[in-house]
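An overview of the molecular structure
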Amino acid sequence: MAIAMVFSHAIPLTLSLAMCLSVAGAVNPGFVVRLTQKGLDYARQEGMSVLQKELAKVHIPDFSGSTHSPVGKIKYSFYGMAIRNFQLPSSQISPVPNVGLKLSISGAFIEISGKWRFKTRLHISFSGGFDVKVEGLSISVGLKVGSDGAGRPTIAPSDCSCHISNVDVHVSGRYGWLVDLFKHNVESALRKAIEGQICPLVKNAIATKLEPLLQTLPVTAKIDKVAAIDYSLTGPPPVTAAYVDVPLKGEFFELSHRTPPPFSPPSLSLPDDHNLMIYFGVSNYLFNTAGFVYHSAGKLIFSVTDDMIPKDFSIRLNTSSFGGLIPQV
């Protein structure tokens, strides 16, 4: 995984640092994480396995009907349908400027097994099994990213669409040929049943799996007995066509008594670079708040006495060595 640290005067972006002059009163982050398309692709791979498990929960309802055939009017029913295989082989996630992210899935397919039963008007019944291949399933989901009052990230679906290119039913059993008489109706009913459930399942997965996970993310971390760091979001992540910037507070604070620092975070901007997977931008605000906290806690105050100086050192901490520096009265 390629990572870049970005500090201002950005020399090589693979290990450079953005140190910016303070701009009083500005609400700016002390730390910025930039996720490029490569970084989003890595996150997508991690999330697709969860989404695939959720989509595999598609419920195919039983359905029935009637039609006319060479043997007269027959009633049919398809029931006991279960998904044997659900694959999402191709997916992409891309940033949408000023909105969020777009998740696109294409070429997905589903394999379903079930049972069928026919009954003629003479009450003669036939039954057997069937397999269904659902091919060319495509899903498009818009994801709006933001932040809540506690500085945690939020994500919500803004739109969703689903389309199936082809549904093919293969029926087994001695009289399975009868299905060919109304095969189109069966395939159309299955397509409608599946398409009607995909987007609700996707939205439910986001609402019940991803969003609760984001709400549990910590926004502070303890450093030692003295200090902790606040890395809550300072606002919704800005999104461009090439990357998503995640603005974090990046502020040290004293555990025993949190006092706002007597200075504001500076303006922090990263170079418009997106060749690597992830970039980090750090302003001097992070380091200055660390210094402020440890100084206020008395951890940066210490005394140096003469017995701490090596014996062979030419300068001593006494009036003989420093007398010339003391003004004469």
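Residues numbered from 1 in each chain as written. Predicted model: local features only at pLDDT ≥ 70, side-chain atom pairs only at ≥ 80, totals over all residues. Heavy atoms only, no water.

If you check an unreviewed UniProt entry, the protein chain appears there as Bactericidal permeability-increasing protein from Staurois parvus. Recorded in UniProt for the protein chain, the comment headed Function (unreviewed entry) runs: "The cytotoxic action of BPI is limited to many species of Gram-negative bacteria; this specificity may be explained by a strong affinity of the very basic N-terminal half for the negatively charged lipopolysaccharides that are unique to the Gram-negative bacterial outer envelope." Per its UniProt entry, the protein chain bears the Sequence similarities (unreviewed entry) comment "Belongs to the BPI/LBP/Plunc superfamily. BPI/LBP family." (UniProt positions renumbered as here; feature names shortened; annotations may be inferred.)

Looking at the overall build of the protein chain
Along the backbone of the protein chain there are four helices and 13 strands. Here the contacts in the protein chain between residues at least 6 apart in sequence split such that 67% fall between residues at least 24 apart. Here the protein chain has roughly 18,400 Å² of accessible surface; of this, 58% comes from carbon and sulfur atoms. (Helix = DSSP H or I, 4+ residues; strand = E, 2+ residues; numbered from the N terminus. Contact = heavy atoms within 4.5 Å. Areas by Shrake-Rupley, 256 points an atom, 1.4 Å probe, with all protein chains shown as cover.)

Side note on the sheet that holds strand E10 (residues 227–230)
Taken together, the three strands give an open sheet; going across it, the order is E9-E10-E12, and neighbouring strands pair in antiparallel fashion. Both outer strands of the open sheet, strand E9 (220–222) and strand E12 (251–254), are each paired with one neighbouring strand and no more. Strand-to-strand twist across the sheet, computed as the mean angle between neighbouring axes with direction ignored, equals 30°. Direction of pairing for E10 relative to E12: antiparallel, over a ladder of four bridges. (Pairing = 2+ DSSP bridges. Axes fitted to C-alpha atoms, helices over the stretch in contact; angles between N-to-C directions.)

Points about the pattern of salt bridges
With the rule as written, the count across this model stands at eight salt bridges. The partner of Glu111 in a salt bridge is Arg84, and the shortest N-O contact between them spans 3.8 Å. Of the two residues, Glu111 sits in strand E6 (residues 100–120) while Arg84 sits in strand E4 (residues 72–87), which places them 27 residues apart along the sequence. The closest approach of N and O atoms between Lys102 and Asp159, which form a salt bridge, is 3.1 Å. Separated by 57 residues along the polypeptide, Lys102 in strand E6 and Asp159 in strand E8 (residues 153–171) bring together distant segments of the chain. Residue class for Asp159 comes out partly exposed when judged on its relative accessible area of 35%. Salt bridges sharing common partners tie together Glu54, Lys57 and Lys209. (Salt bridge = Lys/Arg side-chain N within 4 Å of Asp/Glu carboxyl O. Buried < 20%, exposed > 50% of the residue type's maximum accessible area, 1.4 Å probe, protein only.)

Observations regarding the packing of aromatic side chains
Per the counting criterion, the structure on display carries seven aromatic pairs. Taken together, a centroid distance of 4.4 Å and an interplanar angle of 35° make the contact between Trp116 and Phe118 tilted. We classify Phe118 as buried; its relative accessible area is 0%. Clustering of aromatic rings is evident, with ring pairs tying together Phe63, Tyr76, Phe78 and Phe130. Sitting over the face of the ring of Tyr243, Arg34 holds its NZ or CZ atom 3.7 Å from the ring centroid. The cationic tip of Arg258 hangs over the ring face of Phe253; the distance from NZ or CZ to the ring centre is 4.0 Å. (Phe/Tyr/Trp six-rings, centres within 6.5 Å; stacked < 30°, edge-to-face > 60°. Lys NZ or Arg CZ within 6 Å of the ring centre and 35° of its normal.)

Quick word on the nonpolar core
Judged by nonpolar contacts, the single largest core of 51 residues is most densely connected at Leu55, Phe78, Leu137, Leu190 and Ile198. Contributions of two or more residues to this core are made by helix H1 (37–55), E4, E6, strand E7 (125–147), E8 and helix H2 (183–215). With ten residues, the single largest contributor to this core is H2. If we skip the residues at most four places from it in the chain, Leu137 touches Phe86, Ile105, Ser106, Gly107, Ala108, Ile110, Cys162, His163, Ile164 and Ile198. Listed in part, the 16 residues of the second largest apolar core include Phe31, Leu248, Phe252 and Tyr294. (Core = buried A, V, L, I, M, F, W, Y, C linked by side-chain atoms within 4.5 Å.)

So, the pairing of strand E5 (residues 90–96)
Residues Ser91, Ile93 and Pro95 of E5 are buried on one face, while the alternating residues Ser90, Gln92, Ser94 and Val96, pointing to the opposite face, are not. The pairing of E5 with E6 spans seven bridges and is antiparallel. Following the sheet pairing, Ile93 is matched in E6 by Leu103. Where E5 folds back on E6, the antiparallel hairpin that results is connected by three residues, among which Asn98 adopts a positive phi of roughly 65°.

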